[in-house]
Amino acid sequence: MSRRLRLCVFGVGALGLAALLVWGLAGLPSFGEFDGHYGQLLAHMTVPERKATSSISVTTFDFRGVDTLGEEFILFTAAVGILVLLRIQRVGEDVAAEPARVRRPAADSKTLQSIAAALVAPVLVLGLYIVAHGHLTPGGGFQGGVILMTAFLLIYLAGTHLHMGRARPLDAMEISEALGAAGFALLGIRGILLAGAYLQNFISFGMVGSLLSGGDIPLLNVSVGLEVMGALLVVLGELLDQRLLMRRDSR
Amino acid sequence: MSFLPYAVAAWLFLVGLYGIVTSRNLIHLIVSLTVVQASTYVLLLAVGYRTGGTAPIYADISASRKVVDPIVATLTLTDVVVEATVAALLLSLAVQAHRRFGTLDPDELGAMRG
Amino acid sequence: MTAVQAVVLVVVAIVGTAVVLARDPARQALVASVFGLSLAVLFLAFQAPDVALSQIVVGAVALPAMITLALRKVQRREEVKRGGR
């Protein structure tokens, strides 16, 4: 089918789709007049029942925890898929791997390197803060995990590698991702054993507003944060030919 | 005027779809897909909004204050991170396609067989 | 609907169109980053700070980084092929 013909078919289809969309969306309640009771019920039950102040976090990890389990495993599966695709490519041939002597893109700019190096620690602390306070203020495992990933990406931009003694950082990130995904599922199973339903709360709730409140929501936040950080770092590391986390030419 | 959020969501959907259909580069196609994904976020949050409502964080507001719906925010926030990873999966598929066929043009991908 | 929400909605629609119209993927990655930021402002205007936080870090940092890296991998392979290895 030639391009012009395809464009004409698309034009007709898009007009029809646009008409249907407008007709369908016009049937929705007017903007701002949404009257869903389930959401309001959950919002009002947050503080009395769960002793946590962030209604969105409580909905994500407690009231609708099973949905989050599913989403988290979509993320895990996508990361595994990317690794399978890119590592098979690497085993086949080595021609696309950048030789170690190729200059890093950031090597020319001292400004970029200094700013990136200076920002690593604050961004790391910010990421940990957002993960830890997920049940109190906006934030949580997903957002904090991506911020933690940014901290490690800044290490790469600063022109250096992550040194972890004798441990391999790439392995550490893979372990982190697996621990996070497994941790979430296993915390749910503990819910079955100790409280009678999957992902049911099994820790006492604590005082409203303190860091250790909200039952097992902080634990779930930490496991999601580990998983998101690990998954994104392993994926980015793979796209950078494994140069993000360790030196390619040394063992 | 109150139809504007829904109109913007529908517009983003159609524009992204146009980008996918007329794309000559697989990576351009995948970024147009993110525009389509963004249209669903806008639609979800527009549905859950309540006039005069504020964010449902009870750390500093009283319990009787009007808040927006927390469920659509839950759906959207997990969706944002997950869809970015799915886009990364599609990008690595594009890299693999370039390795197999030597081109990123969707029209020429099917030409080399066997 | 407040004026801020209306203005940001129009900005999002315009930047979204610009993302599709930018045909060169390298340029498109930058426009996608701006699109992500404008979406985050929209989510803030819709009183959803969690979603805005997610969108900022993903749409302005992670996604353009992945696009640029995938592009680099592809260009590297083309350089090698043209270099006559």
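Cut-offs used in this document
- Residues numbered from 1 in each chain as written.
- Chains lettered and ligands numbered in written order.
- Predicted model: local features only at pLDDT ≥ 70, side-chain atom pairs only at ≥ 80, totals over all residues.
- Helix = DSSP H or I, 4+ residues; strand = E, 2+ residues; numbered from the N terminus.
- Rg over C-alpha atoms; globule rule 2.2 N^0.38 Å.
- Buried ≥ 20, exposed ≤ 12 C-beta atoms within 10 Å, placed from the backbone.
- Contact = placed C-beta atoms within 7 Å.
- Nonpolar A, V, L, I, M, F, W, Y, C, P; charged D, E, K, R; others polar.
- Axes fitted to C-alpha atoms, helices over the stretch in contact; angles between N-to-C directions.
- Parallel < 35°, antiparallel > 145°, perpendicular 65-115°, else oblique.
- Core = buried A, V, L, I, M, F, W, Y, C linked by C-beta atoms within 7 Å.
- pLDDT = per-residue confidence, 0-100.

1. Some thoughts on the overall build of chain C
Reasoning step 1: Assigned secondary structure in chain C consists of 3 helices and 0 strands.
Reasoning step 2: Shown N-terminal to C-terminal, the secondary structure of chain C runs as helices and strands in the order α-α-α.
Reasoning step 3: What you see for chain C is a C-alpha radius of gyration of 16 Å, clearly larger than the 12 Å of a compact globule of 85 residues, by over 25%.
Reasoning step 4: In terms of overall dimensions, chain C has a C-alpha envelope of 60 × 25 × 10 Å along the principal axes.
Reasoning step 5: The buried share of chain C, taken over its 85 residues, is 54%.
Reasoning step 6: Residue pairs at least 24 apart in sequence account for 52% of intrachain contacts in chain C once pairs closer than 6 positions are excluded.

2. Here's the deal with the interface of chain A and chain C
Reasoning step 1: Between chain A and chain C, the residue contacts involve 20 residues of the former and 18 residues of the latter.
Reasoning step 2: Looking at the side of chain A that touches chain C, the elements that each hand over two or more residues are α6 (141-157) and α8 (217-239) of chain A.
Reasoning step 3: Tallied by class, the residues present in the side of chain A that touches chain C amount to 14 nonpolar, 5 polar and 1 charged.

3. With respect to the packing of helix α2 (residues 26-48) of chain B against helix α2 (residues 25-45) of chain C
Reasoning step 1: For the pair α2 of chain B and α2 of chain C, interaxial distance at closest approach is 10 Å and the crossing angle is 5 degrees. Relative to α2 of chain C, α2 of chain B is oriented roughly parallel. Only Pro25, Gln28, Ala32, Leu39, Leu42 and Phe43 of chain C of α2 of chain C make contact with α2 of chain B, whose side of the interface consists of Ile27, His28, Val31, Thr34, Ala38, Val42 and Leu45 of chain B.
Reasoning step 2: Split into classes, the residues belonging to the contact of α2 of chain B with α2 of chain C amount to 10 nonpolar, 3 polar and no charged.

4. Considering the nonpolar core
Reasoning step 1: One finds Leu45 and Leu91 of chain B together with Ala70 of chain C to be the most contacted residues of the largest nonpolar core, which totals 121 residues.
Reasoning step 2: Looking at which element gives the most residues to this core, the answer is helix α3 (residues 49-82) of chain C, with 16 residues.

5. Topic: the interface of chain A and chain B
Reasoning step 1: Tallying the contact residues gives 48 residues for chain A and 38 residues for chain B.
Reasoning step 2: When contributions to the side of chain A that touches chain B are tallied by element, the ones reaching two or more residues are α1 (3-26), α2 (37-50), α3 (55-63), α4 (65-92), α6 and α8 of chain A.
Reasoning step 3: Looking at the side of chain A that touches chain B, the element that brings in the most residues is α4 of chain A, giving 11 residues.
Reasoning step 4: Among the residues forming the side of chain A that touches chain B, the class breakdown is 30 nonpolar, 15 polar and 3 charged.

6. Regarding the environment of Val58 of chain A
Residue and element names in this part refer to chain A.
Reasoning step 1: Relative to the assigned elements, Val58 resides in helix α3.
Reasoning step 2: Residues Val58 and Ala43, 15 residues apart in the sequence, show an inter-C-alpha distance of 9.0 Å.
Reasoning step 3: Excluding its chain neighbours within four sequence positions, the residues that come into contact with Val58 are Thr46, Arg50, Ala52, Phe63, His135, Gly214 and Ile217.

7. Notes on the confidence of the model for chain C
Reasoning step 1: In the predicted model, chain C carries a mean pLDDT of 89, and 98% of its residues have values of at least 70.
Reasoning step 2: Predicted complex metrics record ipTM = 0.88 and pTM = 0.87.

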